[in-house]
Amino acid sequence: MRIDHSPQLNIAGISLRQLERADLGAWYSYLQLPGVVEHTSWNLQSSQDLMPMFDSLESTSGESIRRMAVIDNASNELIGTIGFHTISERNRTAEIAYDLAPSHWGRGIARVICSAVTQWGFEVNNWVRIQAVVLETNVRSAAVLKACGYQPEGLLRAYRMVRGTPRDFVMYSRLATDK
């Protein structure tokens, strides 16, 4: 589903906008780096593996994914993405997911975008719960979620296949009523 108004960020030089097909090359480029995918379930063989996501972004269904591009304003380049999938209108829930190019790691950007987009998800979509699942080895992502008020709920054993191997993930959630 397309996003008409992206949330404003409280970090200089970084902004959000709708993810577009023109972003495909830049997104795929950093998603191919071993350090980026090592602690995720991404298993891309080519940039074409991302096309179903772009198709879903054009859907008008309230349960279709929503994904935004994270832009470095100085270069106008895509440096990451963030958004929601596994959306349930009936239950008023969604799952947040994000990624960031290694060139921008360690600057607090993931925390700022996760916090802003989480709050935006509650306000704009009237969701009551936003969750995230993180590969148990993804310490950095777990730290981002905790800093944004997400609480760990438990270990999901053999939850997703990661490049052919069933792996354990930790479930995190934040409720609209959480402060």
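Up top is the structure.
Just so it is clear, the structure is predicted and the values come from calculations on it, not from any experiment.

Enquirer: Is there a simple way to explain the overall build of the protein in this structure?
Expert: Broken down by element type, the protein carries five helices and seven strands. When the helices and strands of the protein are listed from N to C terminus, the series reads β-α-α-α-β-β-β-α-β-α-β-β. Relative to a compact globule of 179 residues, whose C-alpha radius of gyration would be 16 Å, the protein shows 15 Å and is just as compact. With respect to the principal axes defined by its C-alpha atoms, the protein has extents near 40 × 35 × 35 Å.

Enquirer: For this particular structure, what's the right way to read the pairing of strand E7 (residues 165-175)?
Expert: Regular strands have side chains that alternate between both faces of the sheet. Here seven bridges tie strand E5 (residues 129-135) to E7, and the two strands are oriented antiparallel to one another. Considered in E7, the bridge of Val134 is made with Val170. Both strand E6 (residues 151-162) and E7 contribute to a ladder of eight bridges, which runs antiparallel. Bridging from a neighbouring strand, Pro152 pairs with Tyr172 of E7. A loop of two residues connects E6 with E7, the two strands running antiparallel in sequence, and Arg163 in this loop sits at a positive phi of about 50 degrees.

Enquirer: Would you explain helix H5 (residues 139-147) in this entry?
Expert: Given 3.6 residues to a turn, an α-helix orients residues that are three or four positions apart in the same direction. Residues of H5 that are buried include every one of Ser141, Ala142, Val144 and Leu145, and no others. Along the axis of H5, the buried residues cluster in a sector spanning 160 degrees; they form a single face. Turned more than 90 degrees away from the buried face of H5 sit Val139, Arg140 and Ala147, all of them exposed. Positive phi shows up at Gly149, right after H5, with a value of about 90 degrees.

Enquirer: Help me understand the pattern of salt bridges, please; the structure alone is not making it clear to me.
Expert: Opposite charge on two side chains allows them to pair when their charged atoms are near. Scanning all chains against the criterion turns up seven salt bridges. A salt bridge links Arg21 to Asp55, with the shortest nitrogen-to-oxygen separation between them at 2.6 Å. Taken together, the residues span a long stretch of sequence, with Arg21 in the loop between strand E1 (14-18) and helix H1 (24-31) and Asp55 in helix H3 (residues 51-57) at a distance of 34 residues. Note on Asp55: relative accessible area 43%, which makes it partly exposed.

Enquirer: Would you mind showing me how to read the sheet that holds E1 here?
Expert: Across a sheet, strands are paired by hydrogen bonds formed along the backbone, either parallel or antiparallel in direction. Sheet architecture is open: seven strands sit in the order E1-E2-E3-E4-E5-E7-E6, paired in mixed fashion. Each edge of the open sheet is held by one strand with a lone partner, namely E1 and E6. Each neighbouring strand pair of the sheet contributes to a mean axis angle of 30 degrees, computed without reference to strand direction. Each of strand E2 (66-72), strand E3 (77-88) and strand E4 (93-100) touches H1; the most contacted strand, E3, lies at about 90 degrees to it.

Enquirer: Explain unusual backbone geometry to me, please; I cannot follow it from the model alone.
Expert: Negative phi is the rule for most residues except glycine; trans is the rule for most peptide bonds. One non-glycine residue, Thr86, lies in positive phi territory at about 50 degrees. Among the structural elements, Thr86 can be located in strand E3. Of the residues examined, Thr86 reaches a relative accessible area of 52% and is grouped as exposed. Its identity is not glycine, yet Asn126 carries a phi of approximately 60 degrees, on the positive side. On the secondary structure map, Asn126 appears in the loop between helix H4 (109-125) and E5. Take Asn126: its relative accessible area is 47%, and that puts it in the partly exposed class.

What counts as what
Residues numbered from 1 in each chain as written. Predicted model: local features only at pLDDT ≥ 70, side-chain atom pairs only at ≥ 80, totals over all residues. Heavy atoms only, no water. Helix = DSSP H or I, 4+ residues; strand = E, 2+ residues; numbered from the N terminus. Rg over C-alpha atoms; globule rule 2.2 N^0.38 Å. Pairing = 2+ DSSP bridges. Buried < 20%, exposed > 50% of the residue type's maximum accessible area, 1.4 Å probe, protein only. Arc of directions from axis to C-beta. Salt bridge = Lys/Arg side-chain N within 4 Å of Asp/Glu carboxyl O. Axes fitted to C-alpha atoms, helices over the stretch in contact; angles between N-to-C directions. Contact = heavy atoms within 4.5 Å.

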